[in-house]
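Take a look at the letters that make up each chain.
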Amino acid sequence: VLDLSKIEANQVEVKNIEFDLLETVGNVLDIISTRAHTKGLEVIFKISPDVPRKLRGDSDLLSQILSNLLGNAVKFTKTGEVELGIKKLSGNDSHSTFSFQIRDTGVGIPKNKISLIFESFTQLEHSDRSLKRQGSGLGLSICRRLIDLMGGKIDVRSKIGHGSVFEFQLSFEPALI
């Protein structure tokens, strides 16, 4: 709730510091993998070879976005896998745009509910009682707002019983080496 109030009050500053993308992602995946493995889920990480390791931007906000999206993927997946894929979409000397894709084999989201999931305090009802009322309903709203704040965009595709794909795009500057 504090994060959402800071965002709404325009008190979140987007940092522009050098960071190691693989280290940032690895730290998130370490935490998520532990939770996923206790459920018997496989965690997959795919990164395109043209994605640079050193970037400039806000690794803390990126970590928060990835933690929320991957955490939801694990939460709403009973069997199968959760995958994080990163690829470079475009780039020049001043910045590059990357796609971060989180795919799961979870319960999925009804088409008529997708437009609601990014609203604050929204939780979808699931027929599986073990998935009801987990969390505050703020994670996706915070993710969308952080991605907007960082100049990116987010999209979701989903099919009931087959899982979801959350994809967001963000631009980062190259690190000065």
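First things first, this report covers the structure right here in the doc. Owing to the predicted nature of the structure, the values given are computational and were not obtained by experimental measurement.

1. Notes on the packing of aromatic side chains
Inspection of every chain in the model, using the stated rule, returns three aromatic pairs. Judged by centre distance (5.5 Å) and plane angle (70°), the rings of Phe19 and Phe172 are edge-to-face. Taken as a pair, Phe19 in strand β1 (residues 17-20) and Phe172 in strand β7 (residues 163-174) lie far apart in primary sequence, 153 residues in all. Overall, the relative accessible area of 3% leaves Phe172 in the buried class. On the basis of an interplanar angle of 40° and a centroid distance of 6.2 Å, the ring pair of Phe98 and Phe172 is categorised as tilted.

2. Concerning a nonpolar patch on the surface
On the surface, Leu22, Phe45 and Ile47 cluster together into a nonpolar patch covering about 200 Å² of accessible area. Secondary-structure assignment places Ile47 in strand β2 (residues 42-47). Residue classification places Ile47 among the partly exposed positions, given a relative accessible area of 31%.

3. Observations concerning the pairing of strand β6 (residues 153-159)
Here β6 shows a clear split, with Ile154, Val156 and Ser158 buried on one side and none of Lys153, Asp155, Arg157 and Lys159 buried on the other. Note: β6 against β7, seven bridges, orientation antiparallel. Looking at the pairing, Lys159 lines up with Gly163 of β7. What sits between the antiparallel neighbours β6 and β7 is a turn of three residues, in which Gly161 has the positive phi angle 80°.

4. A look at helix α2 (residues 21-38)
With 18 residues, α2 should cover 26 Å at 1.5 Å per step; its first-to-last C-alpha distance of 26 Å lies within 8% of that length. For α2, every residue scored as buried is listed here: Leu21, Thr24, Val25, Val28, Leu29, Ile32, Ser33 and Ala36. Lining the buried residues of α2 we find β1, β2, β3 (54-57), α3 (59-75), β4 (81-91) and β5 (96-104). One side-chain oxygen of the residue at the start of α2 lies 3.0 Å from the amide nitrogen of Leu22, identifying that residue as Asp20. Positioned one or two residues after α2, Gly40 has a phi angle of 80°, which is positive.

5. Comments concerning the pattern of salt bridges
Under the criterion given, the structure shown has eight salt bridges. Where Arg103 meets Glu81, a salt bridge forms, and the shortest distance between an N and an O atom there is 2.4 Å. Residue Arg103 is found in strand β5, and its partner Glu81 is found in strand β4; the two are separated by 22 residues along the sequence. Salt bridges sharing common partners tie together Lys46, Glu81, Glu83 and Arg103.

6. Notes on the nonpolar core
Counting residues in hydrophobic clusters, the biggest one holds 40 residues, and the most contacted among them are Leu66, Phe100 and Phe168. At the level of secondary structure, the elements contributing two or more residues to this core comprise α2, α3, β4, β5, α4 (139-149), β6 and β7. Among the elements that make up this core, the one with the highest residue count is α3 (eight residues). Contacts of Leu66, omitting those with residues within four sequence positions, involve Val25, Val28, Gly71, Leu84, Phe100, Ile102 and Phe168.

Reading the values: the criteria
- Residues numbered from 1 in each chain as written.
- Predicted model: local features only at pLDDT ≥ 70, side-chain atom pairs only at ≥ 80, totals over all residues.
- Heavy atoms only, no water.
- Phe/Tyr/Trp six-rings, centres within 6.5 Å; stacked < 30°, edge-to-face > 60°.
- Helix = DSSP H or I, 4+ residues; strand = E, 2+ residues; numbered from the N terminus.
- Buried < 20%, exposed > 50% of the residue type's maximum accessible area, 1.4 Å probe, protein only.
- Patch = residues over 30% accessible without salt bridge, like charges linked within 9 Å, V, L, I, M, F, W, Y side chains within 5 Å.
- Areas by Shrake-Rupley, 256 points an atom, 1.4 Å probe, with all protein chains shown as cover.
- Salt bridge = Lys/Arg side-chain N within 4 Å of Asp/Glu carboxyl O.
- Pairing = 2+ DSSP bridges.
- Expected span 1.5 Å × (residues − 1).
- Contact = heavy atoms within 4.5 Å.
- Polar contact = N/O pair within 3.5 Å; in protein donor to acceptor, adjacent residues only side chain to side chain.
- Core = buried A, V, L, I, M, F, W, Y, C linked by side-chain atoms within 4.5 Å.

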